[in-house]
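For reference, the chains in residue letters:
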Number of protein chains: 2
Amino acid sequence: MDIMFWALIGAVIALVFAAVAASGVLKKSEGSEKIKKIAGAIRRGANAYLKRQYKTVAIFFVIVTIVLAILAATGFMTFFVPIAFIVGGVFSALAGFIGMKIATAANSRTVTGATKSLNSALRVSFSSGAVMGMTVVGLGLLYLTIWYFILNAYFAGDTAQIASNMLMFGMGASCMALFARVGGGIFTKAADVGADLVGKVEAGIPEDDPRNPATIADNVGDNVGDVAGMGADLYESYVGSIISAGALAVAAGLGGGGLALPMVLAALGIVASVIGSFFVKTKENASQKNLLSALHKGVYIAAAIVAVAGYFLVTGILGPDHVGVYVAILSGLVAGIIIGYYTEYVTSDHFKPTKDLAESTVTGPATTIISGIALGMKSTAVPVIVVVASVLISYFASGGTLGSGSFEVGLYGVAISAVGMLSTLGITLATDAYGPVADNAGGLAEMSGQDPVVRERTDALDSLGNTTAATGKGFAIGSAALTALALIAAFADQCQIDMSALSLLDPTVLMGLLIGAMLPFLFSSMTMSAVGKAAMKIVVEVRRQFREIKGIMTGEGEPDYESCVDICTKGALHLMLAPAILGFVAPIIVGLILGANGVVGMLGGATATGFVLAVMMSNSGGAWDNAKKYIEGGAHGGKGSEAHKAAVVGDTVGDPFKDTSGPSLNILIKLMSMVAVVFAAVIVQYGILQ
Amino acid sequence: MDIMFWALIGAVIALVFAAVAASGVLKKSEGSEKIKKIAGAIRRGANAYLKRQYKTVAIFFVIVTIVLAILAATGFMTFFVPIAFIVGGVFSALAGFIGMKIATAANSRTVTGATKSLNSALRVSFSSGAVMGMTVVGLGLLYLTIWYFILNAYFAGDTAQIASNMLMFGMGASCMALFARVGGGIFTKAADVGADLVGKVEAGIPEDDPRNPATIADNVGDNVGDVAGMGADLYESYVGSIISAGALAVAAGLGGGGLALPMVLAALGIVASVIGSFFVKTKENASQKNLLSALHKGVYIAAAIVAVAGYFLVTGILGPDHVGVYVAILSGLVAGIIIGYYTEYVTSDHFKPTKDLAESTVTGPATTIISGIALGMKSTAVPVIVVVASVLISYFASGGTLGSGSFEVGLYGVAISAVGMLSTLGITLATDAYGPVADNAGGLAEMSGQDPVVRERTDALDSLGNTTAATGKGFAIGSAALTALALIAAFADQCQIDMSALSLLDPTVLMGLLIGAMLPFLFSSMTMSAVGKAAMKIVVEVRRQFREIKGIMTGEGEPDYESCVDICTKGALHLMLAPAILGFVAPIIVGLILGANGVVGMLGGATATGFVLAVMMSNSGGAWDNAKKYIEGGAHGGKGSEAHKAAVVGDTVGDPFKDTSGPSLNILIKLMSMVAVVFAAVIVQYGILQ
């Protein structure tokens, strides 16, 4: 039997597991009428947004598909590419959509679970996270294996053709992911910032208070941004790492085995994740610490299974000579875990960095901002060094050498380390994706006027979610950097550039490098401004409602939630276009002017700078968020103190940092590589300076 | 006669001009006893700081000199290198010291001039700026020409040896510049932020109020940071651009003429600057607009002279075949001017970006910060594209080709474009350096209780200074990026690496690239935290004085100004060490682990990211500053409004951005290249991965 059938079986297992988990969640009671009503409003808002988002993105997809079809007709690529572009986009959207569907079904059920116990709330929310995690990996691997079989049949087993075509099949997912992350990120942060600026700061009412007209929009935002956006994002990472490894396998002369390994490794990771997820359970009277160790246990068991079985997989598929590739996988797994732990250290209020940040709020908002930015900037050193160490180990362990002029073998190792890092995504994403569900459940508890103990339980889950999200971010960031490096090499290979002669001192490379380093800044500026603009509209609308609708503050009048959802929707859809299009056209324009070498320089500059900037923005934002929570817990005068006001300023600045601009950068750097790969033949033919 | 005598003559002209201008300034009356007393306190504080700074830096210089002497004894370099290291450091310090001396003498004379008319105030302050500008270029060119004659005699005209040794002679200036910029930057911003946080925000007294104990420290800071720091900084840029061009000239096979051209071009620029400075004069009743056009006139006349005479210089020295090198000079000159204009557009409150930023203060400090960061990030695109265009033009115009494997000829053009950009530094620095003098004069007017019309005149000068400073920054930033690119190539040449085979996809290059992109962030984090820490100490001290010294607020008790100066001095000297040492050791450590190729990657990553980050930080900071001034001029509720409070937060965050971290990055990227060049032989011999 073709070894690739194992990959297909893995994909099916993931999807079956997701379906079973989903039906388990849906069987639970949704709770009281009031909860149902509010959850229904959130669900409708999220559905309405996603539908309109998909419609907008569809126009973009149609235009690009037409361009690709013309390029296919003129011989620059096969007709598989436009088809795969659409299918890839649809699968990516589907991953986000299913995740969002289950999340908006699970939020009410988590509150209802929390009325009973912390454990039943955890089970519902973790199950919904598992649905999302398994859907992402299942759909991703299904997409790739089906294409593999089609291409294998069409090209009669010519691995070079298969790999080269499949490499182009990531662009659809990357485009969809960027739209989803940017659009969802603008929506969620505009609603959040807008709701806070008027509700908390001006009107002095607590978060998630039903009197705030933007509160439903805020909860819708959690679903379309943190859930649907993240689903599309990690779907893209997963697919990207596998196809870049496949392309480099062929470039390195490892043939069909090298091409198959990443996919079978992904299937192994799925099985490991399924096994790991059975270990996520606690006693009925579990403490928060028990909960955390339950989640960690599941992740570590899955990682351990991959670490052990990976050895047999590598030696079985590539032969015992390539046991070093196994070391590359291990280095990826370990690097992801270290970055996750470090992220937690930097951003959690249990440790010194965030405690120090909280202290700087005492001298006002200016020092809060300076300290937070300094913290984020400093925190880039460890992830960079860990990724560099991982590149070093995986490159040399898998047989790469220096100076010989053949970098492909070692770079395949680097790509495989990213696949290793993401192999257990099924379960790491589950522990990550349950956070927004718990967050939403907290909002529902507040809005439906539950007993304070219920809110305490959902808050405990939410806080736990922040910790596990740090681990998830470690994998997302590390894998993005490694995958982007692999994609640069794959692009050079696609252009048939002699990798050893691609000089950094070639002026087109230097020019590309400067432009590439600038693009993440320009992109982040666009996404941050977008949040600011959309939030301003929410501020104006909420102020208007407070002024015009009588009795809102006394609870006698009902706010018009829908109008805020509508404003966020329009704002997000309108403002996501420019940054997304920038990411798409930049490599093409640079390629047509500076040629293929210029594109390699640009991708190098964008990857290095984008990676560092993403870490900085995510960590500054995370630390500001937790410093604020730390003060709300009573430190430095607690809620209402001057320190708290300064901390709220930090948190508000941090919102677009950590939930819009930062995570979008991870996608941007890969999308640019993907676009470059697809347009490689055009760039080589028409680039001016080459 | 050796053509290099012309360069020597140019250096002497600059120094003579500086001496004449200095004696002209010193002849003016210093004014009333009260002005003298306060000016004396500022002068003593600045002197005391600089002396202690030089002592601290001397220890560092002694240690490094010993290391260099050992390396020279073991054959890794000539004994000229340690000598030049010390001499270079001393010359750089001297440039800053003389600039500071004349500035602290001119501030009182500017106030006294302002009691008469705007024009006499301008003449004093501009003359003191000219002393600084001409001292920097005179000392820089003197240092280089003397070394040229020594090396020419010693190596009997072997241009390869001369250029290779001279390339190493920039490290002393770069080290000194980094210490001066970082130390001075920490001093000035700690005093400024500390004085504002307690004086303006808590006690509600105006800026420069003599009741504020930190006010003398604030004025001392302007001198040690903005004057002495800037002098050392631009001295380093000037020397760095000339020696990197010289090294590439030899690598490109252009021989002695190519080596001489940058120095003779610098001499031409000096003569042009002298001529231009005679045109800076206005009628007695000049308006502010007249003043600006007077300053611009001087700069443009100098640039026009270089643009015309440069043609004959290039064709005379290199021959008519190399007329393209002349185009490179022009491209550098024009790029500097464009970046300057764009910087003014982005940061001046006469244009849309800063006006929009001012509007965002209405919704509070959080939106002020988000908008300001977004503005800075967006503003990186134009300078990057202008520098890229300048690289493109200068590379191809001067005869560089693609794919042939020989990049040196074109890269020499890139280096020469930086020399062209800086050739008129004598006058651009004069228009830049007079700003802090006017700023100080304003402080003196306030503290000595002058008639309001005097303060209005000094404010007009100060505001004009902000505009011309933008032009100065354009040259500093553009030349830093171009020089850094040239230095990377010079390093590769020094290591005898085949430039065409230095692959970006070499794993050591990729690892270096990631580390290099991270270093500017880590460095900025250190310098920003340093400002925060030192400012906190000032806050504590000022609060203590307000509490303990009776009658400060009524004007009956006198604050202890010295203690604040002392705290800033200790803080700056203590905290400048870590970031400066990071810049020095990073290339050595990376070189010893990743080898020479890894260093090239690191320098590429640091240059691209550092350049972009420096532009972002400078422009965000400049725009926040002017948005605050715009509001203080009456917009959005004026002084005391909520919008103004938010604008003050923005300005406070912007202070370390624009005056400490941002400008230091320009030096950092060049210092790292300089260190790499000096340690090239050690790295090639002992680097592990190569």
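In this text the structure is predicted, and so the values were computed from the model without any measurement.

**Some remarks on the overall build of chain A**
Phase 1 of the analysis: Secondary structure assignment for chain A yields 21 helices and 0 strands.
Phase 2 of the analysis: For chain A, the C-alpha radius of gyration of 24 Å lies close to 26 Å, the compact-globule estimate for 690 residues.
Phase 3 of the analysis: With respect to the three principal axes, the spread of C-alpha positions in chain A is 75 × 50 × 45 Å.
Phase 4 of the analysis: Expressed as a percentage of its 690 residues, the buried residues of chain A come to 69%.
Phase 5 of the analysis: For chain A, the share of sequence-separated contacts (at least 6 apart) that also reach a separation of at least 24 residues comes to 84%.
Phase 6 of the analysis: Side chains of chain A carry 41 positive and 45 negative charges; the gap between the two charge centres is 6 Å.

**Focus on the interface of chain A and chain B**
By a widespread convention, an interface's size corresponds to the accessible area lost as its parts come together.
Phase 1 of the analysis: Between chain A and chain B, the contact holds 71 residues from the first and 70 residues from the second.
Phase 2 of the analysis: Both faces combined, the contact of chain A with chain B buries some 6,100 Å², and carbon together with sulfur accounts for 89% of it.
Phase 3 of the analysis: Among the residues of chain A in contact with chain B, Leu 505, Leu 514 and Phe 521 of chain A are the three that bury the most area, contributing 13% of the side total.
Phase 4 of the analysis: Linking chain A with chain B are 0 salt bridges.
Phase 5 of the analysis: Taken together, the links from chain A to chain B amount to 7 residue pairs in polar contact (both at pLDDT 80 or more).
Phase 6 of the analysis: In terms of residues, the side of chain A that touches chain B owes the most to one element, helix H17 (residues 507–548) of chain A, which gives 18 residues.
Phase 7 of the analysis: The residue inventory of the side of chain A that touches chain B, partitioned by class, reads 54 nonpolar, 14 polar and 3 charged.

**Some details on the packing of aromatic side chains**
All names here are of chain A.
Phase 1 of the analysis: Tallied over the entire structure, the rule returns 46 aromatic pairs over all chains.
Phase 2 of the analysis: Taking the centre distance of 6.1 Å and the plane angle of 35° together, the rings of Tyr 342 and Tyr 345 count as tilted. Placement of both Tyr 342 and Tyr 345 in helix H10 (residues 323–347) is noted, with a separation of 3 residues, approximately one turn of the helix.
Phase 3 of the analysis: Given the relative accessible area of 36%, Tyr 345 is considered partly exposed.

**A few points about the packing of helix H8 (residues 255–277) of chain B against helix H9 (residues 288–318) of chain B**
Residue and element names in this part refer to chain B.
Phase 1 of the analysis: Following both chains from N to C, one finds H8 and H9 inclined at 150°, their axes separated by 8 Å at the closest point. Looking at the two axes, H8 sits roughly antiparallel to H9. In the crossing of H8 with H9, the sense of the turn from one axis to the other is right-handed. The residues of H9 that touch H8, namely those facing Gly 257, Gly 258, Leu 261, Val 264, Leu 265, Leu 268, Gly 269, Ala 272, Ser 273, Ile 275 and Gly 276, are Gly 298, Ile 301, Ala 302, Ile 305, Val 306, Ala 309, Gly 310, Leu 313, Val 314, Ile 317 and Leu 318.
Phase 2 of the analysis: Residues of the contact of H8 with H9, tallied by class, amount to 15 nonpolar, 7 polar and no charged.

**Looking at the environment of Phe 278 of chain B**
Phase 1 of the analysis: Within the fold, Phe 278 of chain B resides in the loop between H8 and H9.
Phase 2 of the analysis: Measuring from C-alpha to C-alpha, the distance between Phe 278 of chain B and Lys 297 of chain B comes to 10.0 Å, with 19 residues separating the pair along the chain.

**Remarks on the UniProt feature "site: Determinant of potassium dependence" (unreviewed entry) in chain A**
Phase 1 of the analysis: The positions UniProt marks with the feature "site: Determinant of potassium dependence" (unreviewed entry) are Ala 469 of chain A.
Phase 2 of the analysis: Looking at where Ala 469 of chain A falls in the secondary structure, it is placed in helix H16 (residues 452–494).

**Focus: the relation of the copies chain A and chain B**
Phase 1 of the analysis: The transform that puts chain A on chain B rotates by 180° and translates by 0.0 Å along the axis, for an RMSD of 0.0 Å. The transformation relating the two chain copies, once decomposed into turn and shift, fits a two-fold axis.
Phase 2 of the analysis: Here 99% of the interface residues in chain A have copies in chain B that are interface residues too; the copies meet face to matching face.

**What to know about helix H18 (residues 561–632) of chain B**
Residues and elements named next belong to chain B.
Phase 1 of the analysis: Here H18 spans only 27 Å end to end across 72 residues, well under the 106 Å set by a 1.5 Å rise per residue.
Phase 2 of the analysis: Of all the bends found along H18, the most pronounced is centred on Leu 594 and spans about 130°.
Phase 3 of the analysis: Between the side-chain oxygen at the start of H18 and the backbone nitrogen of Glu 562 there is a gap of 3.4 Å, and the oxygen is on Asp 560.
Phase 4 of the analysis: In the stretch just after H18, Gly 634 is the one whose phi turns positive, near 120°.

**Here's the deal with the state of the cysteines**
All names here are of chain A.
Phase 1 of the analysis: Counting across every chain of the model gives 0 disulfides over all chains.
Phase 2 of the analysis: In this structure Cys 564 is not part of a disulfide, and its nearest cysteine sulfur, from Cys 568, lies 6.9 Å away.
Phase 3 of the analysis: Looking at Cys 564, the relative accessible area reads 0%, which means it is buried.

**Regarding the confidence of the model for chain A**
Phase 1 of the analysis: Taken over all residues, the pLDDT of chain A has a mean of 91, while the share at 70 or more is 99%.
Phase 2 of the analysis: Under the prediction, the complex receives an ipTM of 0.95, its pTM being 0.96.

**Let's talk about the side chain of Ser 120 of chain B**
Phase 1 of the analysis: Relative to the assigned elements, Ser 120 of chain B resides in helix H4 (residues 118–154).
Phase 2 of the analysis: Side-chain polar atoms of Ser 120 of chain B contact the side chain of Ser 117 of chain B, separated by 2.8 Å.

**Remarks on the nonpolar core**
Across soluble globular proteins, nonpolar side chains show a tendency to be buried alongside one another.
Phase 1 of the analysis: If you look at the biggest cluster of nonpolar residues, it comprises 545 residues, and the most contacted ones within it are Met 171, Tyr 412 and Phe 679 of chain A together with Met 171, Tyr 412 and Phe 679 of chain B.
Phase 2 of the analysis: At 33 residues, the largest contribution of residues to this core is made by H18 of chain B.

**Points about the pattern of salt bridges**
Pairing between side chains of opposite charge can happen when their charged atoms approach one another.
Phase 1 of the analysis: For the coordinates displayed, the defined rule picks out 48 salt bridges over all chains.
Phase 2 of the analysis: The partner of Glu 558 of chain A in a salt bridge is Lys 37 of chain A, and the shortest N-O contact between them spans 3.9 Å. With Glu 558 of chain A in the loop between H17 and helix H18 (561–575) and Lys 37 of chain A in helix H2 (residues 33–73), this residue pair connects regions lying 521 residues apart in the sequence.
Phase 3 of the analysis: For Glu 558 of chain A, a relative accessible area of 56% puts it in the exposed group.
Phase 4 of the analysis: By relative accessible area, which is 57% here, Lys 37 of chain A ends up exposed.
Phase 5 of the analysis: Measuring nitrogen to oxygen at the nearest pair gives 3.4 Å for the salt bridge that ties Lys 645 of chain B to Glu 642 of chain B. With Lys 645 of chain B and Glu 642 of chain B both in helix H19 (residues 642–678), this residue pair falls 3 residues apart, about one helical turn. Side by side, Lys 645 of chain B and Glu 642 of chain B carry an identical accessibility label, which is exposed.
Phase 6 of the analysis: A cluster of three or more residues bridged by salt bridges with shared partners is formed by Lys 189, Asp 192, Asp 625, Lys 629, Asp 655, Lys 658 and Asp 659 of chain A.

**Thoughts on a nonpolar patch on the surface**
Phase 1 of the analysis: Residues Phe 5, Trp 6, Ile 9, Ile 13, Val 271, Ile 275, Phe 278 and Phe 279 of chain A make up a contiguous nonpolar surface patch of about 700 Å² in total accessible area.
Phase 2 of the analysis: Residue contributions to the nonpolar patch peak at 4 residues, all from helix H1 (residues 4–27) of chain A.

**Notes on H17 of chain A**
Phase 1 of the analysis: Its 42 residues give H17 of chain A an end-to-end C-alpha distance of 61 Å, which sits within 8% of 62 Å, the value for a rise of 1.5 Å per residue.
Phase 2 of the analysis: Counting buried positions over the 42 residues of H17 of chain A gives 30, a clear majority of the element.

**Examining unusual backbone geometry**
Residue and element names in this part refer to chain A.
Phase 1 of the analysis: One non-glycine residue, His 636, adopts positive backbone phi at about 50°.
Phase 2 of the analysis: Within the secondary structure, His 636 sits in the loop between helix H19 (577–632) and helix H20 (642–678).
Phase 3 of the analysis: Judged by relative accessible area, His 636 falls into the partly exposed class, the value being 33%.

**Thoughts on the environment of Pro 656 of chain B**
Residues and elements named next belong to chain B.
Phase 1 of the analysis: Looking at the secondary structure, you find Pro 656 in helix H19.
Phase 2 of the analysis: A relative accessible area of 0% means that Pro 656 is categorised as buried.
Phase 3 of the analysis: Separated by 39 residues in the primary sequence, Pro 656 and Met 617 have C-alpha atoms spaced 8.7 Å apart.

**Topic: the packing of H4 of chain B against helix H5 (residues 159–167) of chain B**
Residues and elements named next belong to chain B.
Phase 1 of the analysis: Contact geometry of H4 with H5 gives a least axis separation of 10 Å together with a crossing angle of 140°. On the basis of the axis angle, H4 is oblique to H5. The hand of the H4/H5 crossing is right-handed. Across from Leu 144, Tyr 148, Leu 151 and Asn 152 in H4, the residues of H5 making contact are Ile 162, Asn 165 and Met 166.
Phase 2 of the analysis: Split into classes, the residues belonging to the contact of H4 with H5 amount to 5 nonpolar, 2 polar and no charged.

Conventions adopted
Residues numbered from 1 in each chain as written. Chains lettered and ligands numbered in written order. Predicted model: local features only at pLDDT ≥ 70, side-chain atom pairs only at ≥ 80, totals over all residues. Heavy atoms only, no water. Helix = DSSP H or I, 4+ residues; strand = E, 2+ residues; numbered from the N terminus. Rg over C-alpha atoms; globule rule 2.2 N^0.38 Å. Buried < 20%, exposed > 50% of the residue type's maximum accessible area, 1.4 Å probe, protein only. Contact = heavy atoms within 4.5 Å. Lys, Arg positive; Asp, Glu negative; His and termini not counted. Charge placed at Lys NZ, Arg CZ, Asp CG, Glu CD. Buried area = accessible area lost by both parts, 1.4 Å probe. Salt bridge = Lys/Arg side-chain N within 4 Å of Asp/Glu carboxyl O. Polar contact = N/O pair within 3.5 Å; in protein donor to acceptor, adjacent residues only side chain to side chain. Nonpolar A, V, L, I, M, F, W, Y, C, P; charged D, E, K, R; others polar. Phe/Tyr/Trp six-rings, centres within 6.5 Å; stacked < 30°, edge-to-face > 60°. Axes fitted to C-alpha atoms, helices over the stretch in contact; angles between N-to-C directions. Parallel < 35°, antiparallel > 145°, perpendicular 65-115°, else oblique. Left-handed = near helix turned anticlockwise from the far one by under 90°. UniProt positions renumbered as here; feature names shortened; annotations may be inferred. Least-squares fit on C-alpha atoms with pLDDT ≥ 70 in both. Expected span 1.5 Å × (residues − 1). Bend = angle between axes of the 7 residues up to and from the residue. Disulfide = S-S within 2.5 Å. pLDDT = per-residue confidence, 0-100. Core = buried A, V, L, I, M, F, W, Y, C linked by side-chain atoms within 4.5 Å. Patch = residues over 30% accessible without salt bridge, like charges linked within 9 Å, V, L, I, M, F, W, Y side chains within 5 Å. Areas by Shrake-Rupley, 256 points an atom, 1.4 Å probe, with all protein chains shown as cover.

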